[in-house]
Amino acid sequence: MIIGLTGTLGSGKGTVAEFFRKKGFGYLSLSDELRDEARKRKIEITRDSLQALGNKLREEQGPGVLAKLVLERINKYNLMDAVVDGIRNPAEIAELKKLPHFFLVAVDAPEKTRFERMKSRNRENDPKTFDAFKKVDARDRGKGENASGQQVGKCLKLAPVLIRNDSTVNELNSKAELLLKKLKEIEIKRPSIDEYFLKIASVVAERSTCRRHHIGAVIARDKHLLTTGYNGAAAGIKDCLERGCIKDELKLASGTRHEICRAIHAEQNAIIQAGLHNADTKGATIYCTHSPCNVCAKMIVNAKIKRYVTYGTYADKSFLPLFREAKIEYVEMKEPNMKINKLK
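Residues numbered from 1 in each chain as written. Predicted model: local features only at pLDDT ≥ 70, side-chain atom pairs only at ≥ 80, totals over all residues. Heavy atoms only, no water.

Observations regarding helix 3 (residues 47–61)
Piece 1. Helix length check: helix 3 (15 residues) gives 21 Å between terminal C-alpha atoms against 21 Å at 1.5 Å per residue, within 8%.
Piece 2. Every buried residue of helix 3 is accounted for by S49, L50, Q51, L53, G54, N55, L57 and R58.
Piece 3. Contacts from the buried residues of helix 3 go to helix 2 (30–40), helix 4 (65–76), helix 5 (90–96) and helix 7 (130–141). (Helix = DSSP H or I, 4+ residues; strand = E, 2+ residues; numbered from the N terminus. Expected span 1.5 Å × (residues − 1). Buried < 20%, exposed > 50% of the residue type's maximum accessible area, 1.4 Å probe, protein only. Contact = heavy atoms within 4.5 Å.)

Topic: the pairing of strand 1 (residues 2–7)
Piece 1. Counting buried residues along strand 1, six of its six residues qualify, which places the element largely inside the surrounding structure.
Piece 2. The two faces of strand 1 match: I2, G4 and T6 on one face and I3, L5 and G7 on the other face are all buried.
Piece 3. Where strand 1 and strand 3 (residues 82–87) come together, four bridges link them in parallel fashion. For T6, the partnering residue across the bridge sits in strand 3 and is I87.
Piece 4. Sheet analysis places strand 1 next to strand 4 (residues 102–108), joined by six bridges and oriented parallel. (Pairing = 2+ DSSP bridges.)

Thoughts on the sheet that holds strand 3
Strand pairing in a sheet is mediated by backbone hydrogen bonds. Such pairs are either parallel or antiparallel.
Piece 1. Across the sheet, five strands lie side by side as 2-3-1-4-5; this open sheet has parallel pairing. Each of the sheet's edge strands pairs with one partner strand only, and the pair in question is strand 2 (26–29) and strand 5 (161–164). This sheet shows a mean twist of 25° between the axes of neighbouring strands, independent of strand direction.
Piece 2. Two elements, strand 2 and strand 3, share four bridges in a ladder whose sense is parallel. (Axes fitted to C-alpha atoms, helices over the stretch in contact; angles between N-to-C directions.)

Focus on the side chain of S29
Piece 1. Among the secondary structure elements, S29 is positioned in strand 2.
Piece 2. In terms of polar contacts, S29 uses its side chain to reach the backbone amide nitrogen of S31, at 3.1 Å. (Polar contact = N/O pair within 3.5 Å; in protein donor to acceptor, adjacent residues only side chain to side chain.)

Topic: the nonpolar core
Piece 1. Among the nonpolar cores identified, the biggest contains 27 residues, and V84, I87, L96 and F102 are the most heavily contacted of them.
Piece 2. Those elements that provide at least two residues to this core are helix 2, helix 3, helix 4, strand 3, helix 5, strand 4 and helix 8 (152–158).
Piece 3. When neighbours within four sequence positions are excluded, V84 is seen to be in contact with I2, I3, G4, L5, L28, L30, V70, I74 and L96. (Core = buried A, V, L, I, M, F, W, Y, C linked by side-chain atoms within 4.5 Å.)

Observations regarding the packing of aromatic side chains
Aromatic ring pairs are defined here through the distance separating the ring centres and the angle between the ring planes.
Piece 1. All chains considered together, the criterion is met by 12 aromatic pairs.
Piece 2. The interplanar angle of 70° and the centroid separation of 5.2 Å between the aromatic rings of F20 and F25 together place this pair among those described as edge-to-face.
Piece 3. One aromatic cluster is present, built from ring pairs that chain together Y308, F319, F323 and Y330.
Piece 4. Cation over ring: R21 sits above Y27, and NZ or CZ is 4.7 Å from the ring centre. (Phe/Tyr/Trp six-rings, centres within 6.5 Å; stacked < 30°, edge-to-face > 60°. Lys NZ or Arg CZ within 6 Å of the ring centre and 35° of its normal.)

Things to note about the pattern of salt bridges
Pairs can form between side chains of opposite charge once their charged atoms are near each other.
Piece 1. With the rule as written, the count across this model stands at 23 salt bridges.
Piece 2. Here D126 and R121 are joined by a salt bridge, their closest N and O atoms 2.8 Å apart.
Piece 3. Residues joined by salt bridges that share partners form a network here, namely D108, R114, D137, R141 and R164. (Salt bridge = Lys/Arg side-chain N within 4 Å of Asp/Glu carboxyl O.)

Notes on the pairing of strand 11 (residues 307–310)
When a strand is regular, its side chains alternate between the sheet's two faces.
Piece 1. Where strand 10 (residues 285–288) lies against strand 11, four bridges are found, and the strand directions are parallel. What sits directly across from T285, in strand 11, is R307.
Piece 2. On the question of chirality, the crossover connecting strand 10 to the parallel strand 11 by way of helix 14 (residues 294–302) is right-handed.
Piece 3. A crossover connection joins strand 11 to the parallel strand 12 (residues 329–332) through helix 15 (residues 319–326); in handedness this β-α-β unit is right-handed. (Right-handed = clockwise from strand over helix to strand, strands pointing away.)

Structural notes on the packing of helix 14 against helix 15
Piece 1. Their axes nearest at 9 Å, the elements helix 14 and helix 15 cross at an angle of 10°. The pairing of helix 14 with helix 15 is recorded here as roughly parallel in orientation. In this structure, the crossing between helix 14 and helix 15 has a hand that is right-handed. Two secondary-structure elements touch here, helix 14 through N294, A297, K298, I300 and V301 and helix 15 through F319, L322, F323 and A326.
Piece 2. Of the residues contributing to the contact of helix 14 with helix 15, the split by class is seven nonpolar, one polar and one charged. (Parallel < 35°, antiparallel > 145°, perpendicular 65-115°, else oblique. Left-handed = near helix turned anticlockwise from the far one by under 90°. Nonpolar A, V, L, I, M, F, W, Y, C, P; charged D, E, K, R; others polar.)

As for the confidence of the model for the chain
Piece 1. Of the residues in the chain, 92% reach a pLDDT of 70 or more, and the chain-wide mean stands at 89.
Piece 2. Per-residue pLDDT, averaged within each element of the chain, yields its smallest value for helix 12 (residues 246–249) (63) and its largest for strand 10 (97). (pLDDT = per-residue confidence, 0-100.)

Points about the sheet that holds strand 7 (residues 224–230)
Piece 1. The sheet built from five strands is open, its strands ordered 7-6-10-11-12 with mixed pairing. Of all the strands in the sheet, just strand 7 and strand 12 have a single pairing partner and so form its edges. Shown here is a sheet whose adjacent strand axes are inclined to one another by a mean of 20°, direction ignored.

What about the environment of V83?
Piece 1. Structurally, the position occupied by V83 is in strand 3.
Piece 2. A residue is classified by how much of its surface remains accessible, and V83, at 0% relative accessible area, is buried.
Piece 3. Remark: the alpha-carbon pair of V83 and A270, spanning 187 residues in sequence, is separated by 41 Å.
Piece 4. Other than its neighbours up to four places away in sequence, V83 contacts I3, L5, A17, F20, F25, G26, Y27 and L28.

So, in structure tokens, the structure goes:
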């Protein structure tokens, strides 16, 4: 899961972030992205200079620019569990919500408590008086700022979870522990039947020996798995990993000249397996990582399969009129979450 942290100055966001780091979460910070940019531009790093630079970047590249940089890191390193600190604008939240398991958490505390914490940590650029703190805090919350500025006040309102940090560090860690337990319970959402079989088809695709596409298919009826299949060469002959791709050698486009290819398609292999093992496919559903070619579509019709579910598309679209005429339901879904979610 990806946990986003927003919160007021001196609220204890850093302590909450450190709690998740100790639990094995990766750590990412929008503020760190901003500091990196400041160093590139040779700007002195102070609270005011960073806030001004952040506003400028949001004006130039859109209010979600810092979150986009963090998203690139999450996708590049395929991070499954991470905490993202320093969220200060609603557009950043909107960007991070594109992740499948993103949870926004706000941290807040009474104003005087936060000021006393900032005084005790005694950082050079922190305000030294309560009046100075209130001015900095008001700007951080969004007072006098436009849509490209910091809008922590609005971010707090968007968070479904608020941690009130008005006691000790131990109490704050206890609240974070309870929150993590609840978030794990939320994340472990039982998949639908269609998601379940599509996820299995994706695992089957890992056995593919094709150099162009890894495709997996499963046939199910009455919530019961009948057969599986992936695209690969016929049994006993060299597959494309050994021999190489003939269609690549002939410079043939994907979705064309199926008779040239050495591979049997995933759906074909699943149907062949049904024949070998006496599995009745009449009225069944086939789940596949890609849409079918015309050849597979004709075999599906004759196998009496009545439903096709996928989350990916193949270059050959000629199956659509055939499916409509044969009254085969065609369903395109969002790709299921590929993480294995289970209580340990």
